[in-house]
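# Report on the structure
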Amino acid sequence: TTVLTPDVLIIGAGPSGAAAASLLRQYGYQVLVLERQHFPRFSIGESLLPQSMVFLEEAGLLDAVEQAAPEFGFQFKNGAAFLRGNERTHFDFTDKFTAGPGTTWQIKRAPFDHVLAKQAAAYGAEIRYGHTVTAVDVDGETPCADVVDEDGFAYQVRPRFMLDASGFGRVLPKLLDLESPSNFPIRRAVFTHIADHFDPAEFDRNKILISVHQQHPQAWFWNIPFADGRCSFGVVAETDFYAQFGDLALDDLLPAILASEPSLSKLLSRAEFDTPVREIVGYSANVNSLTGRHFALLGNAGEFLDPVFSSGVTIALKSASLCAPLLHRFLQGGSVDWQTEYEQPLRRGIKVFRAYVEAWYEGSFQDVVFAVEPQDEVKRMVCSLLAGYAWDESNPMNNNSVKRLATLAEICRDGRAARDALGQA
Ligand code: FAD
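Residues numbered from 1 in each chain as written. Predicted model: local features only at pLDDT ≥ 70, side-chain atom pairs only at ≥ 80, totals over all residues. Heavy atoms only, no water.

### Re helix α9 (residues 312–331)
Here α9 spans 28 Å end to end across 20 residues, near enough to the 28 Å set by a 1.5 Å rise per residue. Most of α9 sits out of view: 16 of its 20 residues are buried. (Helix = DSSP H or I, 4+ residues; strand = E, 2+ residues; numbered from the N terminus. Expected span 1.5 Å × (residues − 1). Buried < 20%, exposed > 50% of the residue type's maximum accessible area, 1.4 Å probe, protein only.)

This is the structure in structure tokens:
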């Protein structure tokens, strides 16, 4: 059998894999990335958060994204807008508590992921497309992966360390039995790309739009505009929400759900549905450990929460950013406590996002979103989180988030001024 021996094997060339590859190349390691698909390939997850710009820059990937933006219609983004019946509000990411970038992009993932992967390759990472990892053994002195390419040619890779960046493929969690159930109910996302024909007087393309379904507030829609007059459009709800729409085919289901929500229907009255509709069911996932002796899980291969605050790519890039310097120390012979130096810090921010996601579906954070006033300092703190700055421990809203959000929601619901919230939380 052919055996390859790079320093590091990365499974998957999505954002977490490409960022980790680029960072490890900066340290000079031999990096092999195995990607089972061919790029450009479709992926969901098109709205970035400003925090991700910090990680892209650190990985040496930001210039490539900026240069590619005009060609691929990447849309400048500076905030998030929310719609619920007659209520409309927005968060301006440049007006936030945490220092750092306040703008980012809305991107089609096919070209975006390709740009990142090509840049990682330009830095010297070897990327093999159409190669699938089928089995792993992490019990020996070095880890070992079995790989097969599209011609059925099988070979092995014995790196010094393995990074699983396989996203929803969840290669190591499945093969090593690391999966643990998510405590979120099973939700289903139904989505496509549309020609949106938004009226510029009615909607600012520089923002993602999150719309609450007025009759069913646990259901919500996203609109993520691109720069070419198109947008990503989808709905998320628990599986039983869909029963009222009967047995419609996906292409008919999404317009039917839109038609059941009058305010958003009005905004999208001229939209053209011209692309097949897709779905993902039961996307939330977790693992009981993000690391082992010779491996670590990055991005979605570890934990995935929920799409509502567009945190996925940011968490994926944060995981690469945290992991790379530790791996460098490890490969230099130093000792690394992966639990306290990688898993715990990464999960700290994920836990903050989780508090917001739970409060969103419970309804309390929806009330905060529509009540909090621009002059309130607490709005700037919430805005930091919505901009992705979940790891900023100086933000009071990032500590004890569950309790603080509950208090803030009570204040908002009572109709009291949100500016009192911080002191009482
Ligand atoms: P991925 O981008 O999934 O990349 C993993 C790669 O690994 C893939 O290319 C795959 O082909 C490859 N792979 C898998 N198995 C193997 C194997 N056995 N061998 C070799 N290669 C393999 N995130 C956001 O930031 N913003 C959003 O607006 C957003 N919206 C979302 C909406 C929905 C409905 C869902 C479900 C998710 C959304 N996300 C969003 C999350 C986002 O899609 C992911 O968090 C992000 O893609 C994770 O990046 P990654 O690098 O971990 O994995």
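Having seen the structure, we can now continue with the description.
### Examining the domain arrangement of the chain
We note that the domain assignment places domain 1 (3–73 + 108–180 + 286–336), domain 2 (187–281) and domain 3 (349–424) within the chain. A straight line from the C-alpha centre of domain 1 to that of domain 2 covers 31 Å. The interface is formed by ten residues belonging to domain 1 together with 16 residues belonging to domain 2. Carbon and sulfur atoms make up 68% of the area that domain 1 and domain 2 hide from each other, which totals about 1,100 Å². On the domain 1 side of the contact with domain 2, Phe-42, Glu-46 and Lys-108 bury the most area, a combined 42% of that side's loss. The interface formed by domain 1 and domain 2 holds two salt bridges in total. With a shortest N-O distance of 3.9 Å, Asp-306 and Arg-187 are connected by a salt bridge. Taken together, domain 1 and domain 2 are joined by four residue pairs in polar contact (both at pLDDT 80 or more). (Domains from an automatic or database assignment. Contact = heavy atoms within 4.5 Å. Buried area = accessible area lost by both parts, 1.4 Å probe. Salt bridge = Lys/Arg side-chain N within 4 Å of Asp/Glu carboxyl O. Polar contact = N/O pair within 3.5 Å; in protein donor to acceptor, adjacent residues only side chain to side chain.)

### Considering the site of the ligand
The local shell around the ligand holds 38 residues, among which Ser-16, Glu-35, Ile-44, Ser-47 and Val-313 are the closest. Between the ligand and Val-133, the relevant distance is 3.1 Å, taken from a nitrogen atom to a main-chain nitrogen or oxygen of the residue. Against a free-state accessible area of 1,000 Å², the protein chains account for coverage of 97% of the ligand. For the shell around the ligand, the secondary-structure elements that each account for two or more residues are α1 (15–26), β3 (31–35), β9 (132–137), β16 (220–225), α8 (299–302) and α9. No other element matches α9, which puts three residues into the shell around the ligand. In terms of residue class, the shell around the ligand is made up of 18 nonpolar, 15 polar and five charged. Both of domain 1 (3–73 + 108–180 + 286–336) and domain 2 (187–281) provide at least three residues apiece to the shell around the ligand. (Near = heavy atom within 4 Å. Areas by Shrake-Rupley, 256 points an atom, 1.4 Å probe, with all protein chains shown as cover. Nonpolar A, V, L, I, M, F, W, Y, C, P; charged D, E, K, R; others polar.)

### Observations concerning the environment of Gly-100
Inspection of the secondary structure puts Gly-100 in the loop between β6 (87–92) and β7 (104–106). Gly-100 sits in the partly exposed class, given a relative accessible area of 43%. Measuring from C-alpha to C-alpha, the distance between Gly-100 and Asp-247 comes to 47 Å, with 147 residues separating the pair along the chain.

### Comments concerning the environment of Gln-106
By secondary structure assignment, the location of Gln-106 is in strand β7. Separated by 69 residues in sequence, Gln-106 and Gln-37 place their C-alpha atoms 23 Å apart. Beyond its immediate sequence surroundings of up to four residues, Gln-106 is in contact with Glu-46, Ser-47, Gly-73, Phe-74, Gln-75, Lys-77, Arg-205, Lys-207, Ile-208, Ile-224, Pro-225 and Phe-226. A polar atom in the side chain of Gln-106 sits 3.1 Å from the backbone nitrogen of Ile-208. A distance of 2.8 Å separates the side chain of Gln-106 from the backbone oxygen of Pro-225, its partner in a polar contact.

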